[in-house]
Amino acid sequence: MKWIRYTQAGRTGYGILEGERIAAVRGDPFQGYEKTGETVRLDDVRLEVPVVPPTFYCVGLNYVTHIGTEGLKIPTQPDVGYRANNALLAHGQDVVMPADATKVHYEGELVVVIGKKTRNVSEAEARRCVLGYTIGNDVSERVWQGSDRTFWRAKNSDTFKPMGPWIETQADVDAMETVVRLNGEERTRFRTDDMLFGIDRFISTMSRYLTLYPGDILWMGTDGHSPDLRDGDVVDISITGLGTLTNRFVRAK
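Residues numbered from 1 in each chain as written. Predicted model: local features only at pLDDT ≥ 70, side-chain atom pairs only at ≥ 80, totals over all residues. Heavy atoms only, no water.

1. Examining the sheet that holds strand β19 (residues 243-251)
Judged by pairing direction, the sheet is mixed, and its 5 strands sit side by side in the order β9-β19-β18-β15-β16 without closing on themselves. Lying at the two open borders of the sheet, with one neighbouring strand each, are β9 (95-97) and β16 (185-191). Strand-to-strand twist in this sheet, taken as the mean axis angle between neighbours without regard to direction, amounts to 20°. (Pairing = 2+ DSSP bridges. Helix = DSSP H or I, 4+ residues; strand = E, 2+ residues; numbered from the N terminus. Axes fitted to C-alpha atoms, helices over the stretch in contact; angles between N-to-C directions.)

If you want it as structure tokens, here you go:
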């Protein structure tokens with residue numbers, strides 16, 4: 001099932017994508033829903049980020065190749081950080097690079113969407129709390145990343161976290177491949193589940209200390225390396241079974 005969040009005629013809400021049409025619902029995938037019987041064409045709506053999370057978690061240094069290209073040490077245990085909702089951006093919208101940003105990179109990532117309140121779960125139980133998956137682009141300004149202790153600019157500037165286009169509830173993570181294209185040319189390809197620490201390990205570890213709530217998201221890191229992005233570049237991130245997240249990068253005037 002593909003859960004899509006969209007705006008039409010001034011109303012923002014959830015629907016279920018069925019082919020090229022959206023079945024409207026009352027409610028949402030977290031608290032319960034019912035179909036209204038109405039449908040709208042996908043082309044007639046504006047896509048929104050598929051969820052505005054209560055808490056936005058992220059994973060760093062979770063793929064060996066990416067760690068090597070950034071000249072960093074391989075971690076010995078799961079490490080979790082946070083991102084800011086102000087940075088979220090929908091599929092099809094423009095990432096705005098601040099005028100003084102000099103080294104902006106993409107990071108194609110699998111996004112895990114939590115569906116149930118969760119605390120103290122084992123790795124074997126962890127996947128039961130997952131609603132589904134979507135795609136994220138963890139845009140990063142590398143010069144700022146080296147100087148900002150909390151990454152407040154480097155990772156959290158407005159528009160630096162494209163996510164979408166929808167939440168897929170029936171995806172097979174083991175079969176996924178992540179492909180990143182820059183202006184239509186393939187630049188990065190990797191097995192999505194080729195992680196140092198997998199989804200189950202992270203959720204189990206986090207749940208020992210944190211309560212996870214419906215709508216929380218966990219970005220799972222990236223592999224490969226990005227070139228420096230320029231004004232007008234278009235980045236497409238495709239993950240098997242999840243579709244494609246597309247955003248153009250523009251330089252702020």
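2. A look at the UniProt feature "domain: Rv2993c-like N-terminal" (unreviewed entry) in the protein chain
The UniProt feature table records "domain: Rv2993c-like N-terminal" (unreviewed entry) at residues 1-50. Helix makes up 0% of residues 1-50 and strand 70%. Its end C-alpha atoms lie 13 Å apart. (UniProt positions renumbered as here; feature names shortened; annotations may be inferred.)

3. Observations concerning the pairing of strand β2 (residues 11-18)
Two strands pair when backbone bridges link them, and strand β1 (residues 2-8) and β2 are joined in this way by 7 bridges, in the antiparallel orientation. Counted as the bridge partner of Ile-4 is Gly-15 from β2. Here β1 folds back onto β2, and the loop between the two strands holds 2 residues, one of which, Ala-9, carries a positive phi near 55°. Where β2 hands over to strand β3 (residues 21-28), the hairpin turn is made up of 2 residues, of which Gly-19 adopts a positive phi near 70°.

4. Thoughts on the side chain of Thr-7
Along the chain, the position of Thr-7 falls in strand β1. One polar contact links Thr-7 to Thr-12, side chain to side chain, over a distance of 2.5 Å. Polar side-chain contacts of Thr-7 include one of 2.5 Å to the side chain of Glu-48. Those residues in contact with Thr-7 that sit more than four places away from it in its chain are Thr-12, Val-45, Arg-46 and Glu-48. (Polar contact = N/O pair within 3.5 Å; in protein donor to acceptor, adjacent residues only side chain to side chain. Contact = heavy atoms within 4.5 Å.)

5. Here we look at the domain arrangement of the protein chain
In terms of domain boundaries, the protein chain breaks down into domain 1 (1-47) and domain 2 (49-251). Each of domain 1 and domain 2 has a C-alpha centre, and the two are 24 Å apart. Taken together, the contacts link 10 residues of domain 1 with 19 residues of domain 2. Carbon and sulfur atoms make up 58% of the surface buried where domain 1 meets domain 2, a total of about 1200 Å² over both sides. The tally of links between domain 1 and domain 2 comes to 1 salt bridge. (Domains from an automatic or database assignment. Buried area = accessible area lost by both parts, 1.4 Å probe. Salt bridge = Lys/Arg side-chain N within 4 Å of Asp/Glu carboxyl O.)

6. Notes on the pattern of salt bridges
Using the criterion set out here, one finds 17 salt bridges in the structure. Between Glu-34 and Arg-26 there is a salt bridge; the shortest N-O distance is 3.3 Å. Judged by its relative accessible area of 45%, Glu-34 is partly exposed. The closest approach of N and O atoms between Lys-103 and Asp-228, which form a salt bridge, is 3.3 Å. Taken as a pair, Lys-103 in the loop between β9 and β10 (104-105) and Asp-228 in the loop between β17 (217-219) and β18 (234-239) lie far apart in primary sequence, 125 residues in all. (Buried < 20%, exposed > 50% of the residue type's maximum accessible area, 1.4 Å probe, protein only.)

7. Observations regarding the packing of aromatic side chains
One pass over the full model with this rule turns up 7 aromatic pairs. An angle of 65° between the planes, with centres 5.1 Å apart, marks the rings of Tyr-63 and Phe-190 as edge-to-face. Of this pair, Tyr-63 sits in the loop between β6 (56-59) and α1 (64-69) while Phe-190 sits in strand β16, and the two are 127 residues apart along the sequence. Of the aromatic side chains, those joined through ring pairs into one cluster are Trp-3, Tyr-14, Phe-30 and Tyr-33. (Phe/Tyr/Trp six-rings, centres within 6.5 Å; stacked < 30°, edge-to-face > 60°.)

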